[in-house]
Amino acid sequence: EEYVVVNPLIEEVAETMEKVVEGCLSIPGIQVEVERPTGVTVYAQDARGAPLRIEASGLLARIFQHEIDHLNGVLILDRTDRESRKAAMREMRERLLAQS
């Protein structure tokens, strides 16, 4: 399924959490474990401006959370633990140096 959502907000989150390894096109080649709720209810508007409410679970819930994080200036590195973030930053630096 494809969705067009304008100004999405997460209204509700599931109580259950799950850690899954995520990647991101904003930081190619980097993957870190991110803990997120297993389900969300997203409130938004559709392409015509009509109210829209989507209840999502599993992978779709994770995708909504990931993309809404981007709208709020949050990357997966902000959602992982300190050691994973440090390792990812080290890997990114090493890749940049290797390209020089």
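Our subject is the structure that appears above.
The numbering scheme is per chain: residues are counted from 1 as the chain's sequence reads. Where totals are concerned, whole chains, interfaces and linings use all residues; where local detail is concerned, this predicted model gives features only for residues with pLDDT of at least 70, and gives and counts side-chain atom pairs only at 80 or more. Only hydrogens and water are removed before side-chain values are computed, so all heavy atoms of the structure are retained for them.

**A look at a positive patch on the surface**
Phase 1: Surface patches are drawn from residues lacking salt bridges whose relative accessible area is over 30%; two like charges belong together within 9 Å, two nonpolar side chains (Val, Leu, Ile, Met, Phe, Trp, Tyr) within 5 Å. Calculation of accessible area relied on Shrake-Rupley with a 1.4 Å probe; when residues are assessed, cover is drawn exclusively from the protein chains displayed. The working definition used for a salt bridge is a side-chain nitrogen of Lys or Arg within 4 Å of a carboxyl oxygen of Asp or Glu. Only four residue types enter the tally: Lys and Arg on the positive side, Asp and Glu on the negative side, with His and both chain ends excluded. Every charge is mapped onto a representative atom, which is NZ of Lys, CZ of Arg, CG of Asp or CD of Glu. A cluster of like positive charges, contributed by R82, K86, R90 and R93, occupies part of the molecular surface.
Phase 2: Helix and strand assignments come from DSSP, with helices taken as H or I runs of at least 4 residues and strands as E runs of at least 2, each series counted from the N terminus. Mapped onto the secondary structure, R93 falls in helix α2 (residues 82–99).

**Re unusual backbone geometry**
Phase 1: With a phi angle near 50°, N7 is a residue other than glycine that sits in the positive phi range.
Phase 2: Within the element layout of this structure, N7 appears in strand β1 (residues 6–13).
Phase 3: Overall, N7 belongs to the exposed group, its relative accessible area being 58%. Here the term buried applies to any residue with accessible area under 20% of the maximum for its type, exposed to any over 50%, and partly exposed to those in between, with areas from a 1.4 Å probe on protein chains only.

**Quick notes on the sheet that holds β1**
Phase 1: Pairing is antiparallel in the open sheet, where three strands are placed in the order β1-β4-β5. Each edge of the open sheet carries a strand with a single partner, namely β1 and β5 (51–57). Strand-to-strand twist in this sheet, taken as the mean axis angle between neighbours without regard to direction, amounts to 25°.
Phase 2: Here, a strand pair is defined by DSSP locating no fewer than two bridges between the strands. As judged from the five bridges shared by β1 and strand β4 (residues 39–45), these two strands associate in the antiparallel manner. In the sheet register, V13 faces β4, and the bridge partner there is V40.
Phase 3: Strands in contact with helix α1 (residues 58–71) are β1, β4 and β5; relative to β5, the strand with the most contacts, it is inclined by about 125°. In this analysis, axes come from line fits to C-alpha atoms, helices being fitted only over the stretch in contact, and the angle between any two N-to-C directions falls in the range 0 to 180 degrees. Residues count as neighbours in contact if any of their non-hydrogen atoms are within 4.5 Å of one another.

None of this, on its own, says anything about what the molecule does.
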